[in-house]
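Residues per chain, in single letters:
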Amino acid sequence: MRTFLFKRLPSGLAVLVAASFTVFLMLRLIPGDPATTLAGPDASPATVAAIRERLGLDAPLLSQYLHWLGQVLTGDLGPSYAIGGQVSELIGDGLAATFQLTLAALLLVVVLAVPTALYAASGRRRPLAGALRALTTGALAVPPFVTGVLLVLVFAVGLGLLPAGGHASLFDAPDLAVQYLALPALCLALPSAAILARYLQDGLERALGEDYVRNATALGVSRRRILWRHALPNALPSAVTVLGLQIGQLIAGAVVVERIFAWPGLGQLIEQGVSRRDYPVVQDLLLLVVAGYVAVQLLTDLLYSWLDPRVRWE
Amino acid sequence: MTTLSLPSSAPLLRPRNRYVAGLLTWRGVTGLVLVGVVALAGLLAPWLTDADPDAQGAQALAGPSGAHPLGTDDIGRDLLSRILHGILTDLSIILTAVPAGALIGAALALLAATSRAADLVVQRLFDLVLSFPGLILGLAVTAILGPGRWPVVIIIALAEVPYFGRQLRAGVLVQREREYALAARVGGAGRARVLLRHVLPNAVDPLIVQGAVALSVGVFIEGALSFLGLGVRPPQPTLGSLISGSVAYLDTDPLLAAAPLAVTTALVLGFTLLAEALNRGARS
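Residues numbered from 1 in each chain as written. Chains lettered and ligands numbered in written order. Predicted model: local features only at pLDDT ≥ 70, side-chain atom pairs only at ≥ 80, totals over all residues.

**Focus: the overall build of chain B**
Along its length, chain B carries twelve helices and zero strands. Along the chain direction, N to C, the helices and strands of chain B fall in the order α-α-α-α-α-α-α-α-α-α-α-α. Taken along its principal axes, the extent of the C-alpha atoms in chain B is 75 × 60 × 25 Å. Counting every position in chain B, which comprises 284 residues, the buried fraction comes to 49%. In chain B, the proportion of contacts linking residues at least 24 apart, taken out of those at least 6 apart, comes to 69%. (Helix = DSSP H or I, 4+ residues; strand = E, 2+ residues; numbered from the N terminus. Buried ≥ 20, exposed ≤ 12 C-beta atoms within 10 Å, placed from the backbone. Contact = placed C-beta atoms within 7 Å.)

Structure representation (structure tokens):
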């Protein structure tokens, strides 16, 4: 806990500050500032200057940066430039949908990967192990947009089982919402599930080769008990770290998956922000994603030390 | 009578042979064939089809025919020609971006080897790039540069820099403690000479595997950006834009999606198999 409080937490915060500064500077390095873009090609210099003043773009860079940090910390992100409305509200609208999607994908990752790894590691000559290996290779090799379109082709167009895209509220129509959620969540989950399954299987196999397993076998402990009580707890900590890193990939991957399945989340918002050069929206969303990523990694570290007592005692 | 016997295997050549041996497994050969066929189809595009990929015809969404072997897209452009030229676009993007990313990453890794302070700065730089998961940094770049071909190249290169850089840095750290490197120093070679002439050639091997992985990641990124409408500008075809353009017609014209999907899958699967084959070869 001390190491966490005094080393990991500050370094996480440092990454966050560095990332926020990078995002801020990048969007200020653009040739032609947002005021010129907003005013349009025929605007007079006076109009541009007025817009610049209204947006606070005439202030020195450092004070703009601090002003932005203040906005972020208070949660009032100010108006968007081009999309219209308050940035906080825009983000709030998309956040719930994206959160649903990533959470469902995360559940799927665990549900798909853990049994796969346990099955593949549980015996040397499992008939399906080779097929599962090939499946994980495939899931990793093929980009999400290919899997996404294939899923739609098979399950929506071919079999007509699930809708090709769209969204329903989880509270108003739960059965419909799950149907809409199934394909995008599966598409988002597959690559991460493949990675987690591989790491966990390798970890389990490594643990099964250790002396304590041979000891337990010699003492007559059953294979099943060895796998669950001896190998799994030792393979779990590194798998949790991998899962933590994969959550970041899920958040980022959601951008494309939301587009394929017309899912009204943050991905759509970030895409609009980028294509319409709405800098406050882009800036705040990028920071939000990095913050989420850093927070997940810190949580992962905490969970790791809880799962692995050797780390706790150091 | 003197017989002159050569050592049966020249030790200097062994690492290279291991990669060749890796390529001669079923993974390597399949990968080579997949990538080779797709790449050749792209490179020979001007000879394989007469149709202009951007020329719009009267027949939109037509099925396969003599004039259009794979049919036409939603505004009557020849699908086969668009796919072949799309391969060409993707290849030219990844073959520019990946070497650029590798060179910048390698240069930074060498810079990191010069001093402790430089190492710290370079490492933090890599960490910073990696703190943006997936495409997120790419979105920031397109927010600045706008969509287009060069932003895609820059995004792919930027995403690959930390991976190449970290791998080379790790290799340099191991190699420079080896006896031959110490011997070179004792022999009077300067730091720069030891690093560039002795350590670097022995540390670049892992980058070969990374290169194969990076090429497939390049196809991923190009496609994802196309899907977001932030990739190469239309009408120039890319594998990603062909797939993303087909989504609206999935239930009426599945061939429009199936053809580019098959080509893209073959290409990325080929790169992945090559990377695995090279990796296994290197570790054997």
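Resuming the write-up.
**Things to note about the overall build of chain A**
When helices and strands are counted, chain A shows 13 helices and zero strands. Secondary structure elements in chain A, listed N-terminal to C-terminal, are α-α-α-α-α-α-α-α-α-α-α-α-α. Taken along the three principal axes of its C-alpha coordinates, chain A extends 85 × 55 × 35 Å. The proportion of buried residues among the 314 residues of chain A is 36%. Expressed as a percentage of contacts within chain A between residues at least 6 apart in sequence, the contacts between residues at least 24 apart total 73%.

**Let's talk about the interface of chain A and chain B**
Tallying the contact residues gives 40 residues for chain A and 35 residues for chain B. Taken together, the elements giving at least two residues each to the side of chain A that touches chain B come down to α1 (2-28), α6 (129-141), α7 (144-158), α10 (223-260), α11 (266-275) and α12 (279-307) of chain A. Its residues assigned to classes, the side of chain A that touches chain B shows 31 nonpolar, six polar and three charged. (Nonpolar A, V, L, I, M, F, W, Y, C, P; charged D, E, K, R; others polar.)

**Some remarks on helix α7 (residues 149-175) of chain B**
All names here are of chain B. Between its terminal C-alpha atoms α7 stretches 38 Å, which fits the 39 Å expected from 27 residues at 1.5 Å a residue. Approximately 30° is the largest bend angle found in α7, and it occurs at E160, with the proline P162 only one to four residues beyond. Across the 27 residues of α7, 20 count as buried, placing the element largely inside the fold. (Expected span 1.5 Å × (residues − 1). Bend = angle between axes of the 7 residues up to and from the residue.)

**Things to note about the packing of α7 of chain A against helix α12 (residues 254-283) of chain B**
Each pair of packed helices can be summarised by the angle the axes make with each other and by the distance between the axes. At a minimum axis distance of 10 Å, the contact between α7 of chain A and α12 of chain B shows a crossing angle of 140°. The orientation of α7 of chain A with respect to α12 of chain B, classified from their angle, is oblique. Of the two elements, α7 of chain A crosses α12 of chain B, and the hand of that crossing is left-handed. Contact residues: V146, V149, L150, L153 and V157 of chain A in α7 of chain A; P254, A257, L261, T264 and T265 of chain B in α12 of chain B. In terms of residue class, the contact of α7 of chain A with α12 of chain B is made up of eight nonpolar, two polar and no charged. (Axes fitted to C-alpha atoms, helices over the stretch in contact; angles between N-to-C directions. Parallel < 35°, antiparallel > 145°, perpendicular 65-115°, else oblique. Left-handed = near helix turned anticlockwise from the far one by under 90°.)

**Looking at the environment of D278 of chain A**
Residues and elements named next belong to chain A. Tracing the chain through its elements places D278 in the loop between α11 and α12. Among the residues examined, D278 registers 26 C-beta atoms within 10 Å and is labelled buried. Remark: the alpha-carbon pair of D278 and S80, spanning 198 residues in sequence, is separated by 6.6 Å. Ignoring sequence-local partners within four residues, the contact set of D278 consists of S80, Y81, A82, I83 and G273.

**Topic: the packing of helix α6 (residues 136-145) of chain B against α7 of chain B**
All names here are of chain B. The contact between α6 and α7 brings their axes to 10 Å, and the two run at 150°. When the axes of α6 and α7 are compared, the pair comes out roughly antiparallel. Here α6 and α7 pass one another in a crossing that is right-handed. Residue-level contacts link L137, G138, V141, T142 and L145 of α6 to P151, I154, I155, L158 and A159 of α7. Across the contact of α6 with α7, the residue classes tally to eight nonpolar, two polar and no charged.

**A few points about unusual backbone geometry**
Across the junction of P234 of chain B and P235 of chain B, the peptide omega takes the value 5°, indicating a cis bond. Here P235 of chain B lies in the loop between α10 (206-227) and α11 (239-246). At A262 of chain A, a residue that is not glycine, the phi angle is positive and equals roughly 50°. Tracing the backbone shows A262 of chain A in the loop between α10 and α11.

**Structural notes on the environment of V256 of chain A**
Take V256 of chain A: it is sitting in helix α10. Under the C-beta neighbour-count criterion, V256 of chain A is labelled buried, with 28 such atoms within 10 Å. Linking V256 of chain A and G148 of chain A, residues 108 residues apart in sequence, is a C-alpha distance of 9.5 Å. If sequence neighbours within four positions are ignored, V256 of chain A has contacts with P144 and F145 of chain A together with A224, F227 and L228 of chain B.

**A short note on the nonpolar core**
In this structure, V149, A189, A193 and L196 of chain A together with I156 of chain B are the most contacted members of the largest nonpolar core, which totals 159 residues. With residues near it in sequence (within four places) discarded, V149 of chain A still touches I260 of chain A together with I243, V247, A257 and L261 of chain B. (Core = buried A, V, L, I, M, F, W, Y, C linked by C-beta atoms within 7 Å.)

**Here's the deal with α7 of chain A**
Residue and element names in this part refer to chain A. The end-to-end C-alpha distance of α7 is 19 Å, a good match for the 21 Å that 15 residues give at a rise of 1.5 Å each. Considered for burial, the residues of α7 that qualify are P144, F145, V146, T147, G148, V149, L151, V152 and L153. Note on α7: the residue one or two positions beyond its end, G160, has a positive phi of about 65°.

**Points about the environment of V72 of chain A**
Structurally, the position occupied by V72 of chain A is in helix α4 (residues 61-74). Spatially, the C-alpha atoms of V72 of chain A and D284 of chain A are 7.8 Å apart, while their sequence positions differ by 212 residues.

**Considering the confidence of the model for chain B**
All names here are of chain B. With 94% of its residues at a pLDDT of at least 70, chain B reaches an overall mean of 87. The weakest mean pLDDT in chain B belongs to helix α1 (residues 14-23) at 73; the strongest belongs to helix α4 (residues 79-112) at 94. For this predicted complex, the interface confidence reaches an ipTM of 0.82, while the overall pTM sits at 0.86. (pLDDT = per-residue confidence, 0-100.)

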